[in-house]
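Reading the structure
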Amino acid sequence: MRRARIVGFGSYLPARRLSNDELAGRIDTSDEWIRQRTGIRARHIAAEGETTSMIATRAAEAALAHAGLKPADIDLIVLATATPDYTFPAVATQVQANLGITHGAAFDLAAVCSGFVFALATAEKFVVSGSARRALVIGAETFSRILDWEDRTTCVLFGDGGGAVVIEGYEAAGTRADQGILTTHLRSDGRHREKLYVDGGPSSTMTTGHLRMEGREVFKHAVGMITDVIVDAFAATGYSAETIDWFVPHQANQRIITASAEKLGIAPEKVVLTVGEHGNTSAASIPLALDTAVKDGRIRPGHVVLIEAMGGGFTWGSALFRV
Ligand code: ACO
């Protein structure tokens, strides 16, 4: 059977690092409060004029270099973001142009923090069906631009950044020992809109709006939703908390991650945590964490990796793959 395998990982963080202490100088918060509740120590913030498409392009270039491929080898770009440069055109087409690609297709996908899992699952379908040979799957955000910097309950949580992977189709044996994406599970439930949303948009207010969140409500739902799609991934593949090598969750909050891993019986040493230095970078957080663990030598060829995310909508999902 045809499968999609990941052949390159890349990421990019804006140079500017904003620490908790620095934030505490501007609003009524403290390093201790932020660390205790979220595990976040710092986040990166895009420079003036540095847009989501610029960040995405840098991440894509890094993933292509890691794969040893040229832009011309790519015939599909699926980009997840909730913070596009403009209402249209899609950020993906800006990245396509920046890379000098003039064939194939490029489009954006909106699933907020779950965006990378949704984008990976979507691109996989194109690659497995033969509609595309190789795809760039990108998560990139400039959440700093939609934060209300006066609202301490949200602005301390998020950061900017981008991550990307290159996937390509190949003929696999069709067993769980195969390299590549072995299963994906996507879910959404629009009834939860009010718990996490942006209070503006082109067809409602004609403004960009700011992120609003009922943090406690999100927290309450997160662990259950995350564990549901992970149980689905285990059931579909026969892998388990014991037999996966790495758990790379969406980096929203260390407490959510730890609680989910504990509930599933995933050992703490298998959990890749980058939220401390990145904050919550929404769709960028998983590919940023994947790239971090690939480049520091933790994730190696042959390893089985489980990713999951949950975010605005609500949307949530998981994917399980062998590198
Ligand atoms: N600094 C200091 N005090 C603060 C801050 C802050 N930055 N923010 C809130 N507080 C205060 C509140 O005003 C409140 O004070 P009060 O008791 O006098 O009213 C107190 O701290 C407790 O506030 P809570 O909101 O109840 O704090 P909680 O323990 O729930 O922690 C948090 C808040 C960290 C947002 C938590 O609810 C959470 O992690 N939720 C998950 C949300 C999340 O991660 N969302 C990411 C997007 S969705 C996703 O990616 C999955």
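**As for the overall build of the protein**
Scanning the protein from N- to C-terminus turns up 10 helices and 13 strands. The C-alpha atoms of the protein give 18 Å as radius of gyration, which agrees with the globular expectation for 323 residues (20 Å, within 12%). Based on the C-alpha atoms only, the size of the protein along its principal axes is roughly 55 × 45 × 40 Å. Here the protein has roughly 13100 Å² of accessible surface; of this, 52% comes from carbon and sulfur atoms. Here the protein holds 32 positive side-chain charges and 36 negative ones, and the gap between their average locations is 3 Å.

**Structural notes on the side chain of T81**
Tracing the sequence through the fold places T81 in the loop between β4 (76–80) and α4 (91–99). Residue class for T81 comes out buried when judged on its relative accessible area of 7%. At 3.1 Å, the side chain of T81 forms a polar contact with the side chain of E141. The contacts of T81, once residues within four sequence positions are left out, are T52, V91, D108, L109, A110, A140 and E141.

**Thoughts on the domain arrangement of the protein**
When cut into domains, the protein gives domain 1 (2–171) and domain 2 (180–322). For domain 1 and domain 2, the distance between their C-alpha centres works out to 14 Å. With 52 residues of domain 1 at the interface, the matching set in domain 2 holds 48 residues. Of the roughly 4000 Å² buried between domain 1 and domain 2, counting both surfaces, carbon and sulfur atoms make up 64%. There are 3 salt bridges connecting domain 1 and domain 2. A salt bridge links E277 to R17; the shortest N-O distance between them is 2.9 Å. Only β1 (2–12), α2 (31–38), β3 (42–45), α5 (115–129), β6 (134–142), α6 (152–155) and β7 (160–171) provide two or more residues apiece to the side of domain 1 that touches domain 2. The residue inventory of the side of domain 1 that touches domain 2, partitioned by class, reads 23 nonpolar, 17 polar and 12 charged.

**Some thoughts on the pairing of strand β5 (residues 105–109)**
Regular strands show a simple pattern: their side chains alternate between the two faces of the sheet. The pairing of β4 with β5 spans 5 bridges and is classified as parallel. Considered in β5, the bridge of V78 is made with F107. Handedness of the β-α-β unit built from β4, α4 and β5 comes out right-handed.

**Focus: the sheet that holds strand β8 (residues 180–188)**
Within a sheet, neighbouring strands are paired by backbone hydrogen bonds and run either parallel or antiparallel to one another. Spatially, 4 strands are ordered β8-β13-β12-β11 in an open sheet, and the strand pairing comes out mixed. A strand with exactly one partner marks an edge of an open sheet, and here the two such strands are β8 and β11 (246–249). Strand-to-strand twist in this sheet, taken as the mean axis angle between neighbours without regard to direction, amounts to 10 degrees. With 8 bridges joining them, β8 and strand β13 (residues 315–322) adopt antiparallel strand pairing. Bridging across to β13, T184 finds its partner in A319. This element, α5, spans β8, β12 (304–311) and β13 of the sheet and lies at about 125 degrees to β8.

**Some details on the packing of aromatic side chains**
In the structure shown here, the tally under the stated rule is 2 aromatic pairs. Look at F107 and F126: their rings are 6.0 Å apart centre to centre, the planes differ by 45 degrees, and that puts the pair in the tilted class. In this pair, F107 sits in strand β5 while F126 sits in helix α5, placing the two residues 19 residues apart along the sequence. The class for F107 is partly exposed, based on a relative accessible area of 26%. Assessed through its relative accessible area of 31%, F126 is described here as partly exposed. For R5, the ring lying beneath its charged end belongs to Y170, and the centroid distance is 4.2 Å. Lying over the aromatic face of Y239, R176 brings its terminal NZ or CZ to 4.3 Å of the ring centre.

**Considerations on the site of the ligand**
The environment of the ligand is formed by 24 residues, the closest being T29, R37, R216, H250 and N253. T29 places a polar side-chain atom, nitrogen or oxygen, 2.6 Å from a nitrogen atom of the ligand. Within the side chain of R37, one N or O atom sits 2.6 Å away from an oxygen atom of the ligand. Coverage of the ligand by the protein amounts to 76% of the 1000 Å² it exposes when considered alone. Contributing elements (two or more residues each) for the shell around the ligand: α2, α6, α7 (215–237) and α8 (254–264). For the shell around the ligand, the element with the most residues is α7, which contributes 4 residues. Each of domain 1 (2–171) and domain 2 (180–322) contributes no fewer than three residues to the shell around the ligand.

**A few points about the nonpolar core**
Most often, soluble globular proteins have nonpolar side chains that are buried together. In terms of nonpolar packing, the biggest core is built from 42 residues, with F234, I244, F247, I266, L306, M310 and L320 touching the most fellow members. The set of elements that each furnish at least two residues to this core consists of α7, α8, β12 and β13. Here this core gets 9 residues from one element, more than from any other, and that element is α7. Counting contributing residues per domain, this core is built from domain 1 (2–171) and domain 2 (180–322), each supplying no fewer than three. In this structure, L76, V117, L290 and I307 belong to the second largest nonpolar core, which totals 37 residues.

Conventions and cut-offs
- Residues numbered from 1 in each chain as written.
- Predicted model: local features only at pLDDT ≥ 70, side-chain atom pairs only at ≥ 80, totals over all residues.
- Heavy atoms only, no water.
- Helix = DSSP H or I, 4+ residues; strand = E, 2+ residues; numbered from the N terminus.
- Rg over C-alpha atoms; globule rule 2.2 N^0.38 Å.
- Areas by Shrake-Rupley, 256 points an atom, 1.4 Å probe, with all protein chains shown as cover.
- Lys, Arg positive; Asp, Glu negative; His and termini not counted.
- Charge placed at Lys NZ, Arg CZ, Asp CG, Glu CD.
- Buried < 20%, exposed > 50% of the residue type's maximum accessible area, 1.4 Å probe, protein only.
- Polar contact = N/O pair within 3.5 Å; in protein donor to acceptor, adjacent residues only side chain to side chain.
- Contact = heavy atoms within 4.5 Å.
- Domains from an automatic or database assignment.
- Buried area = accessible area lost by both parts, 1.4 Å probe.
- Salt bridge = Lys/Arg side-chain N within 4 Å of Asp/Glu carboxyl O.
- Nonpolar A, V, L, I, M, F, W, Y, C, P; charged D, E, K, R; others polar.
- Pairing = 2+ DSSP bridges.
- Right-handed = clockwise from strand over helix to strand, strands pointing away.
- Axes fitted to C-alpha atoms, helices over the stretch in contact; angles between N-to-C directions.
- Phe/Tyr/Trp six-rings, centres within 6.5 Å; stacked < 30°, edge-to-face > 60°.
- Lys NZ or Arg CZ within 6 Å of the ring centre and 35° of its normal.
- Near = heavy atom within 4 Å.
- Core = buried A, V, L, I, M, F, W, Y, C linked by side-chain atoms within 4.5 Å.

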